[in-house]
Amino acid sequence: MVVKQSARFSDLPLSLIQQLPSANANPFLNEAFLSALEETGCVAAATGWQPCHLWLEDVGAPVFYLPLYRKSHSWGEFVFDQNWADAYHRNGLRYYPKLVTSIPFTPSSGPRWWAAEGYDQSELWKQVFDVIRTQIKSGADSSWHLLFSEQAPPANPDGLLLSRRDTQFHWNNRGYNHFDDFLATLKSRKRKSLRRERQKVMEQGVTLCRVTGTELNEQDWLDYFQFYCNTYHQRGMEPHLNLAFFQRIGRTLANNVLMVQAYKEGRFIGGSLCFFDAKVLYGRHWGAIEDIDCLHFEACFYQGIEFCIERGLSRFDPGTQGEHKLIRGFEPVTTTSWHYISHSGFRHAIAQYLQSEQQHMQQYQENATEYLPFKITEN
């Protein structure tokens, strides 16, 4: 078995790229999405995301792939470790660069590696983990972080990987045929509140439509990019993604893109961008150039719920954070990341911190369920 590494996704063997999951299985761990990030310059050393992908070959044939990036900061990860970096700095140690396995700018749980059938994944993982540890021991990097993986690593040699849990809020499709079927499961007061929010948008002269990628044109992407940038600029930040990225995925992932468009007096004024596969809708980006009361809820939540019902999708993952999602029928779920901290002293301290954090997170989820809007059903 031979371990190889590449500084560009496009340099991976074609035989490996062709075996990655299709966009219908997951819209992010595939050639279209990962190559678009790199080839449009969103992911590069200059942006703090230096690709250094790992893969294994057996007699010249790829059998394992792990997306890997050398990070010089923690932005765009959504698993917040800036306090860890500060602690390193206060003790005269260097936290950056670090190694990260994730889908850049995508806080959605999903597959984070590919392994060929017929191979023991635990053995493959041990080899890859040994390479990562050796690389870190050389002093090039401080740590390795596996983010938003839907599966736990199949091997954890010596128990060195620390797990960290967080909470998101997802909507589950319980076999609804119409949006009203979903509303019927809510308490009367909550049901009226949702209807009132949707009505407010209409009363402000706004209409919405759901457009899939195959129906989008160049002007749609130009307009949407303006909305997307506005969201960041309002917070005094620069956007992570550029126009070239959106234009590219508009072509290469057209069958897995949904844009919710909001119009007022015939003008395209805002909307949300989602990706979807055969089972899940992923809400990713939002923006508007007019302040419309409740438009965010309509464009980012209710339109997505209707799309899931129409398409028979089982789940709607709208992204990170936001307790306001609870009263709109999004339920707390746990996301998990794994972390290898090379420095033994900091590994021990962080392990203690994560244990305390996990207890807090469990209590947080229990408290959050009390705000769900669903009717109480008796067993």
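Residues numbered from 1 in each chain as written. Predicted model: local features only at pLDDT ≥ 70, side-chain atom pairs only at ≥ 80, totals over all residues. Heavy atoms only, no water.

A word on the pairing of strand β11 (residues 257–264)
Most of β11 sits inside the fold, with seven of its eight residues counted as buried. Bridge analysis of strand β10 (residues 206–212) against β11 gives seven bridges, and the strand direction is antiparallel. Opposite L208, over in β11, you have A262 as the bridge partner. Here β11 runs beside strand β12 (residues 267–276); their pairing, made up of eight bridges, is antiparallel. Paired with Q261 across the two strands is G271, which belongs to β12. The hairpin formed by β11 and β12 contains two residues between the paired strands, and E265 there has a positive phi angle of roughly 50°. (Buried < 20%, exposed > 50% of the residue type's maximum accessible area, 1.4 Å probe, protein only. Helix = DSSP H or I, 4+ residues; strand = E, 2+ residues; numbered from the N terminus. Pairing = 2+ DSSP bridges.)

Some words on helix α9 (residues 295–311)
Taking 1.5 Å as the rise per residue, α9 with 17 residues should run 24 Å; its terminal C-alpha atoms sit 23 Å apart, in good agreement. At Y302, α9 is deflected by roughly 25°, the largest bend along its length. Most of α9 sits out of view: 14 of its 17 residues are buried. Two residues or fewer past α9, G312 is found with a positive phi of approximately 70°. (Expected span 1.5 Å × (residues − 1). Bend = angle between axes of the 7 residues up to and from the residue.)

Topic: the state of the cysteines
Across all of its chains, the model carries zero disulfides by this definition. Here C42 stays free of any disulfide, with the sulfur of C229 as its closest cysteine sulfur at 11 Å. Under the relative-accessibility criterion, C42 is labelled buried at 3%. The structure places no disulfide on C294, whose sulfur is separated from the nearest cysteine sulfur, that of C300, by 12 Å. (Disulfide = S-S within 2.5 Å.)

Things to note about the environment of G205
As for its position among the elements, G205 is in the loop between α6 (188–203) and β10. Overall, the relative accessible area of 41% leaves G205 in the partly exposed class. Along the sequence, G205 and E265 sit 60 residues apart, while their C-alpha atoms lie 7.1 Å from each other. Leaving out residues up to four positions away in the same chain, G205 has contacts with Y263, K264 and E265. (Contact = heavy atoms within 4.5 Å.)

Structural notes on unusual backbone geometry
Of the consecutive residues Y96 and P97, the connecting peptide bond is found in the cis state with omega at 5°. Note on placement: P97 falls in the loop between α3 (82–90) and β6 (98–101). A positive phi angle, near 55°, is found at V59, a position not held by glycine. The topology assignment puts V59 in the loop between β3 (53–58) and β4 (61–66).

Observations concerning the sheet that holds β10
Strand order in the open sheet formed by eleven strands is β2-β5-β6-β8-β15-β9-β14-β13-β12-β11-β10, with mixed pairing between adjacent strands. Each edge of the open sheet is held by one strand with a lone partner, namely β2 (49–51) and β10. On average, each strand axis in the sheet is inclined to that of its neighbour by 30°, with strand direction left out of account. Sheet contacts for helix α4 (residues 121–137): β5 (69–71), β6, β8 (143–146), β9 (161–172) and β15 (331–341); angle to β8, the most-contacted strand, approximately 140°. Against the sheet, helix α10 (residues 344–369) contacts β9 and β15, and its axis sits at roughly 20° relative to β9. (Axes fitted to C-alpha atoms, helices over the stretch in contact; angles between N-to-C directions.)

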